[in-house]
Every structure is written in C-alpha cells, then in structure tokens.
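For reference, the chains in residue letters:
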Amino acid sequence: MAISRYLESRKNIAGSACGLLGLGLTFTGVAGPYWPVVVAGLYGAGALIAPPERPPLPDFPDPSAQLDELRGDFAKLGEYLAEVDLPPASAGRLTELTDLLAALLAPGWVSEVLAQDPEGVHTLSRAVRQDIPEAVDSFVRTRWWTRMTPGSEPPERHLERQLTLLQEEGERLAVALRETEARRQESHTRYLEDRGRAN
C-alpha cells in the first residue's frame, strides 16, 4: 500500500521526469561514463524539489446531514418536553417556539436554504441542543426551591422571558431565510433579463 502510494506521489513523478532527463543526457553523450550517478542524482533532485503531498481534506458531514442530525435531536427534545409540567403561559410560549423550529427544520425549500447558511444551522442547533433544554431544566429545578422561599420572583417569569427571546431569535432567522430566497429570485430575474437583452 505504501509502495503504490509512493509510486503515485508527486515526488516520484518529479524524480522520474528528472531521471528521464538524465537518460536523455546519457544518450546525447553529455553524461559520459558517470551516467548512473547523473540519472540517480537528477532523480533525487527532482524528488527533493517536488511540492509536498497535500493531506486529504477532512470528511465533514454535508449540511443536509447536519440538519438530519439536528432533526433527530429535535425529536429527542420533544420527548423530553412532553414529560415536563409547565404553567399554561409558559407551555403556550414553548409550543409557539417548537412549532417555529419544526417549520424551519421540516424537509423542503426552507431547509434547503437553511443548509446553505452555517450561521442559521448553528443558531438552530444551539436552541435545540442547549438553550431550550437549559431554560426548561432551570425552571424545573428553581420552581422546587421557590416553594421553600415564598416572596421571591417566580421562575415562570424567567422561563417566559427566555422562551420569548428564543422565539424572537427564531423569527429573525426565518426572516433572514425568506430574504435570502427573495434575493436569489431577484438575481435570477436580473440574469434572465440580461440574457434576453444580450440576444
């Protein structure tokens, strides 16, 4: 395996080309009796000056595979949220948020546009894998302690505010995706108009 890799390497190809040059010098009589040294020396020089091999690119998953993983994590999040008891206002806000995320992650043109936006994928990933679980879990843990310390600020307010902020972030992402698609459509229209004028 290593031998075949070397035979196909840039060093061997450059060295062989220089070695052939040495054979050419031998046949023209320039190398004389020292032709083996000339051929070997030129091969070695060619191998030394050849550019180094490039390491192969890492095999990262393509954006659609990242979205598939994120959809699986979103399903796990849904199972977790189904087991949590939330106050009605927070539960309503959470339903609105998860409906928005489900629409953004649904297969179709939205996810195709989203797949071309790494920042958008990161935003959704952070919301699904970190922000929502942490907000809900913090509420569940804090609610138990507030029962023992009456008069403190209710944890529902923090949860509702956190969910509202996440909803606003998701809506901004949806608007950005819609604007991206609108710009794409406009640029295609301009392209067709320019092509029509050129003909």
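Just above sits the structure.
These figures come from a predicted structure and were not determined experimentally.

Within the fold, Leu20 resides in helix H2 (residues 10–27). In the structure, Leu20 is positioned 103 residues away from Thr123 in sequence and 57 Å away in space, judged by C-alpha atoms.

The next point concerns helix H8 (residues 155–198). Over its 44 residues, H8 runs 65 Å from end to end, which matches the ideal 64 Å to within 8%, given 1.5 Å per residue. Within the span of H8, buried status applies to Pro155, Leu159, Leu163, Thr164, Leu166, Gln167, Glu169, Gly170, Leu173, Ala174 and Leu177.

With that settled, the discussion passes to the packing of H2 against helix H3 (residues 35–49). Interhelical geometry of H2 versus H3 gives an angle of 150° and a closest axis separation of 7 Å. By the angle between their axes, H2 is roughly antiparallel relative to H3. As for the relative orientation of H2 and H3, their crossing is right-handed in sense. Of H3, the residues touching H2 (which contributes Lys11, Asn12, Ala14, Gly15, Ser16, Cys18, Gly19, Leu21, Gly22, Leu23, Leu25 and Thr26) are Trp35, Val38, Val39, Leu42, Tyr43, Gly46, Ala47 and Leu48. Of the residues contributing to the contact of H2 with H3, the split by class is 12 nonpolar, 7 polar and 1 charged.

What the rule picks out here adds up to 9 salt bridges. Among the ionic pairs, Glu96 bridges to Arg93, the shortest N-O distance being 3.4 Å. With Glu96 and Arg93 both in helix H5 (residues 88–105) and 3 residues apart, this pair spans about one turn of that helix. The exposure class of Glu96 is partly exposed, given its relative accessible area of 42%. Put simply, Glu181 and Arg184 hold a salt bridge, and the shortest N to O gap is 3.5 Å. Of the two residues, Glu181 and Arg184 both sit in helix H8, 3 residues apart, roughly one turn of that helix. Its relative accessible area of 23% is what places Glu181 among the partly exposed residues.

Turning next to the packing of H5 against H8. Where H5 meets H8, the closest approach of the two axes is 9 Å, and the angle between their N-to-C directions is 20°. Considering their axes alone, H5 and H8 lie roughly parallel with respect to each other. Seen from above, H5 lies across H8 with left-handed handedness. The residues of H8 that touch H5, namely those facing Ala89, Ser90, Arg93, Leu94, Glu96, Leu97, Leu100 and Leu104, are Glu156, Leu159, Glu160, Leu163, Thr164, Leu166, Gln167, Gly170, Glu171, Leu173, Ala174 and Leu177. Residue composition of the contact of H5 with H8, grouped by class: 11 nonpolar, 4 polar and 5 charged.

On to the environment of His158, then. Topologically, His158 is positioned in helix H8. Residue classification places His158 among the partly exposed residues on the basis of a relative accessible area of 42%. Measuring from C-alpha to C-alpha, the distance between His158 and Ala135 comes to 8.5 Å, with 23 residues separating the pair along the chain.

Moving on, we get to the nonpolar core. General note: in soluble globular proteins, nonpolar side chains tend to be found buried as a group. The biggest cluster of nonpolar side chains holds 30 residues, and the ones touching the most others in it are Leu104, Leu124, Ile132 and Val136. Every element with two or more residues in this core is listed here: helix H4 (63–82), H5, helix H6 (109–115), helix H7 (118–148) and H8. Looking at this core, the element that brings in the most residues is H7, giving 7 residues. Each residue touching Leu124, except ones within four places of it in the same chain, is listed here: Leu70, Leu101, Leu104, Leu105, Leu114 and Leu173.

Calculation rules
- Residues numbered from 1 in each chain as written.
- Predicted model: local features only at pLDDT ≥ 70, side-chain atom pairs only at ≥ 80, totals over all residues.
- Heavy atoms only, no water.
- Helix = DSSP H or I, 4+ residues; strand = E, 2+ residues; numbered from the N terminus.
- Expected span 1.5 Å × (residues − 1).
- Buried < 20%, exposed > 50% of the residue type's maximum accessible area, 1.4 Å probe, protein only.
- Axes fitted to C-alpha atoms, helices over the stretch in contact; angles between N-to-C directions.
- Parallel < 35°, antiparallel > 145°, perpendicular 65-115°, else oblique.
- Left-handed = near helix turned anticlockwise from the far one by under 90°.
- Contact = heavy atoms within 4.5 Å.
- Nonpolar A, V, L, I, M, F, W, Y, C, P; charged D, E, K, R; others polar.
- Salt bridge = Lys/Arg side-chain N within 4 Å of Asp/Glu carboxyl O.
- Core = buried A, V, L, I, M, F, W, Y, C linked by side-chain atoms within 4.5 Å.

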